[in-house]
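# Structural overview for review
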Amino acid sequence: MTAVVTDMEAGIEHLKRGTLEHAEILLIVVEPYFKSLEAAGRIAELARGLGVPTLYAVANKVQSERDEAAIRAYCAEHDLPVLAVVPFDPEVSEAEREGIAILDSAPEAAAVGAIEEVARALRAADRYCMEARVAD
Amino acid sequence: MKVAVAGKGGSGKTTIAGTLSRVLARQNGGVLAIDADPNPNLAVSLGLDAKQAAAIEPVPHSFSHHGKNAAGAYSVELDVTPEEIVARYGTAAPDGVTLLLIGRVEPHQAGAG
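What this report covers is the structure whose coordinates are included nearby. (Residues numbered from 1 in each chain as written. Chains lettered and ligands numbered in written order. Predicted model: local features only at pLDDT ≥ 70, side-chain atom pairs only at ≥ 80, totals over all residues.)

## A few points about the interface of chain B and chain A
Between chain B and chain A, the contact holds 50 residues from the first and 50 residues from the second. Where the side of chain B that touches chain A is concerned, the elements lending two or more residues are strand E1 (2–7), helix H1 (13–28), strand E2 (31–35), helix H2 (42–46) and strand E4 (74–78) of chain B. The element contributing the most residues to the side of chain B that touches chain A is H1(B), with 14 residues. Here the residues of the side of chain B that touches chain A sort into 25 nonpolar, 18 polar and seven charged. In the sheet, strand E1 (residues 3–7) of chain A pairs with E2(B) via five bridges, with the strands oriented parallel. Within E2(B), the residue paired with Val5(A) across the bridge is Ala33(B). (Contact = placed C-beta atoms within 7 Å. Helix = DSSP H or I, 4+ residues; strand = E, 2+ residues; numbered from the N terminus. Nonpolar A, V, L, I, M, F, W, Y, C, P; charged D, E, K, R; others polar. Pairing = 2+ DSSP bridges.)

Set out below in structure tokens:
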């Protein structure tokens with residue numbers, strides 16, 4: 001195995017039960033609306049308190065520059081780097097409706113391209129962390 | 001690399017976790033995808049069909065117990081090795097992803113170390 005990806009329970013209650021104990025990188029998926037941003041801020045605060053080494057926001061369902069700006073402003077204020085911006089994509093809605101994977105139904109979709117960016121950024125961050133560990 | 005994906009319900013975290021798992025597997029091989037949501041649907045985002053998804057046996061909670069770590073925080077302790085769990089309960093998904101359903105059992109328990 002080269003990576004473990006865990007889809008966590010929604011929300012924040014589970015974090016107090018040790019669910020992030022061994023996570024190295026936490027991706028907090030955030031949508032461009034206030035309650036989602038607030039939830040992301042709370043998750044980040046708890047995760048930091050629990051000692052998760054690296055936190056990133058992944059902006060999702062972004063439809064406009066204003067959407068992106070709102071997420072970037074909130075994340076900057078909360079010291080949460082935005083790893084990638086995944087656009088709102090009707091292809092994703094269609095795949096969700098049909099119960100199929102977006103990678104199979106629309107591999108060229110804009111949202112897929114953005115998630116490929118997430119993967120590349122994670123690889124780069126992971127390499128950097130490993131070098132830092134070696135340097136220690 | 002151990003990545004956890006969190007977010008508010010409906011944020012699209014499962015779609016991102018599933019797609020990310022396959023993309024990482026395509027780029028670098030073997031990925032373990034863990035569905036820790038009590039209402040699991042990562043299988044579909046990974047590309048398994050409803051019938052395959054329904055047939056997946058979750059990892060029993062009886063394989064683990066809660067303890068407290070040195071800092072006094074909640075910790076989950078495994079009673080069998082992660083390798084045994086993956087071998088027994090892992091489901092093959094496209095692109096070299098292996099899926100585990102753990103419900104409320106914590107992610108690191110089946111981690112690849």
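## Concerning the environment of Asn41(B)
Considering the arrangement of structural elements, one finds Asn41(B) in the loop between E2 and H2. C-alpha of Asn41(B) to C-alpha of Ala73(B): the two residues are 32 residues apart in sequence and 29 Å apart in space.

## A closer look at the pairing of strand E3 (residues 64–68) of chain B
Residue and element names in this part refer to chain B. The buried fraction of E3 amounts to zero of the five residues, a small share that puts the element mostly on the outside. Across five bridges, the pairing between E3 and E4 is antiparallel. Bridge assignment links Lys-68 to a residue of E4, and that residue is Tyr-74. Between E3 and E4, which pair antiparallel in sequence order, lie five residues; one of them, Gly-72, sits at a positive phi of approximately 85°. (Buried ≥ 20, exposed ≤ 12 C-beta atoms within 10 Å, placed from the backbone.)

## Observations concerning the sheet that holds E1(B)
Taken in spatial order, the eight strands make up an open sheet running E4(A)-E3(A)-E2(A)-E1(B)-E1(A)-E2(B)-E6(B)-E5(B), and their pairing is mixed. On the outer flanks of this sheet lie strand E4 (82–87) of chain A together with strand E5 (91–93) of chain B, each paired with one strand and no other. Direction aside, the axes of adjacent strands within the sheet are offset by 25° on average. By the bridge criterion, five bridges tie E2(B) to strand E6 (residues 97–101) of chain B in an arrangement that is parallel. Within E6(B), the residue paired with Ala33(B) across the bridge is Leu99(B). Against the sheet, helix H1 (residues 34–49) of chain A makes contact with strand E2 (25–30) and strand E3 (54–62) of chain A together with E1 of chain B, and its axis sits at roughly 165° relative to E2(A), the strand it touches most. Along the sheet, helix H2 (residues 65–77) of chain A makes contact with E2, E3 and E4 of chain A, crossing E3(A) at roughly 160°. (Axes fitted to C-alpha atoms, helices over the stretch in contact; angles between N-to-C directions.)

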